[in-house]
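Chain by chain, the residues run as shown.
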Amino acid sequence: MTQQGKLRASLVVIALLVVALVALVVKFVVVGSTLPAQDARVVVALEPGERALMLREMRGFVAGLQRITDGLARGDAKEVSAAARAMGTAAAHDAPVTMFAKLPLEFKRLAFGVHGGFDRLAADAAGGASREQTLGELSSILGGCVACHATFQVAAPPAAR
Ligand code: HEC
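Digging into the site of the ligand
Around the ligand, 19 residues are found, and the nearest of them are Met 58, Arg 59, Cys 145, Cys 148 and His 149. Between the ligand and His 149 there is a distance of 2.8 Å, counted from a nitrogen atom to a side-chain nitrogen or oxygen. Interatomic distance of 2.9 Å between a backbone N/O atom of Val 154 and an oxygen atom of the ligand. Per-element tally for the shell around the ligand: the top contributor is helix 2 (residues 48-74), with six residues.

Shown next, in the form of structure tokens:
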């Protein structure tokens with residue numbers, strides 16, 4: 001092969017690798033692993049263990065909301081802040097990368113909106129935010145819970161079907 005021929009062949013290989021890389025990014029960052037649902041929602045297809053992890057986190061959200069509202073009712077800013085912090089962005093890092101790759105971009109956007117909202121609420125409550133301000137922030141976080149539940153489902157493990 002001539003020098004030019006070799007160069008052309010390497011360029012073709014590089015181009016193919018770039019296309020494959022872009023396809024992988026689109027698959028794992030944007031599309032995720034999804035199926036159509038019976039209603040208008042989208043089903044995120046997860047392994048039973050991943051689904052269990054996600055639902056456990058969801059129930060943790062409800063427990064955290066209980067702590068926040070209890071703290072608000074008693075004027076205990078420390079409790080409000082600690083409960084919100086536990087639901088912040090740091091908590092999202094518990095999700096394994098393989099599971100993360102199955103989540104569609106919109107799902108991740110909504111999830112980080114909620115986690116980030118709790119980070120801000122935690123910081124503001126610790127910084128002396130009024131009950132009204134905290135409730136306002138809580139309401140907009142809950143808007144994220146509502147939006148995601150209106151859009152997504154997770155696939156049931158085969159045993160539950
Ligand atoms: C990024 C998406 C997303 C966000 C944000 C989200 N959820 Fe969920 N949640 C889901 C999905 C998907 C399910 C499973 C629903 C299904 O399969 O029908 C679920 C299920 C639940 C469940 C049922 C748990 C169980 O054991 O069955 C609760 C409770 C819940 N979410 C509470 C919340 C609360 C509270 C918030 C906000 C603080 C929240 N979720 C935010 C996606 C989300």
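That covers the picture; the talk isn't over yet.
Overview of the domain arrangement of the protein
By a frequent convention, interface size equals the accessible area lost on bringing the separate parts together. By domain assignment, the protein separates into domain 1 (1-31) and domain 2 (33-160). The C-alpha centroid of domain 2 is placed 38 Å from the C-alpha centroid of domain 1. With five residues of domain 1 in contact, the opposing surface of domain 2 contributes eight residues. Of the roughly 460 Å² buried between domain 1 and domain 2, counting both surfaces, carbon and sulfur atoms make up 45%. By the criterion of area lost to domain 2, the three top residues of domain 1 are Phe 28, Val 29 and Val 31, representing 71% of everything that side buries. For the side of domain 1 that touches domain 2, the per-class residue count stands at four nonpolar, no polar and one charged.

Brief notes about the side chain of His 115
Along the polypeptide, His 115 turns up in helix 6 (residues 105-126). Residue contacts for His 115: discarding those within four places in its chain leaves Glu 57, Phe 61, Met 87, Gly 88, Thr 89 and Ala 92.

Focus on the coordination of the iron atom of the ligand
The coordination sphere of the iron atom of the ligand, as far as protein atoms go, consists of Met 58 (SD) and His 149 (NE2), spread over 2.0 to 2.3 Å. Geometry at the iron atom of the ligand is octahedral, judged from its six donor atoms and the angles of 87 to 179° they form at the metal. Taken together, the residues span a long stretch of sequence, with Met 58 in helix 2 and His 149 in helix 7 (residues 131-151) at a distance of 91 residues. The partly exposed category is assigned to Met 58, whose relative accessible area is 27%.

So, how was this worked out
- Residues numbered from 1 in each chain as written.
- Predicted model: local features only at pLDDT ≥ 70, side-chain atom pairs only at ≥ 80, totals over all residues.
- Heavy atoms only, no water.
- Near = heavy atom within 4 Å.
- Polar contact = N/O pair within 3.5 Å; in protein donor to acceptor, adjacent residues only side chain to side chain.
- Helix = DSSP H or I, 4+ residues; strand = E, 2+ residues; numbered from the N terminus.
- Domains from an automatic or database assignment.
- Contact = heavy atoms within 4.5 Å.
- Buried area = accessible area lost by both parts, 1.4 Å probe.
- Nonpolar A, V, L, I, M, F, W, Y, C, P; charged D, E, K, R; others polar.
- Donors = N, O, S within 2.8 Å, 3.2 Å for Na, K, Ca; no water.
- Tetrahedral: all angles 85-135°; square planar, octahedral: opposite > 155°, others 65-115°.
- Buried < 20%, exposed > 50% of the residue type's maximum accessible area, 1.4 Å probe, protein only.

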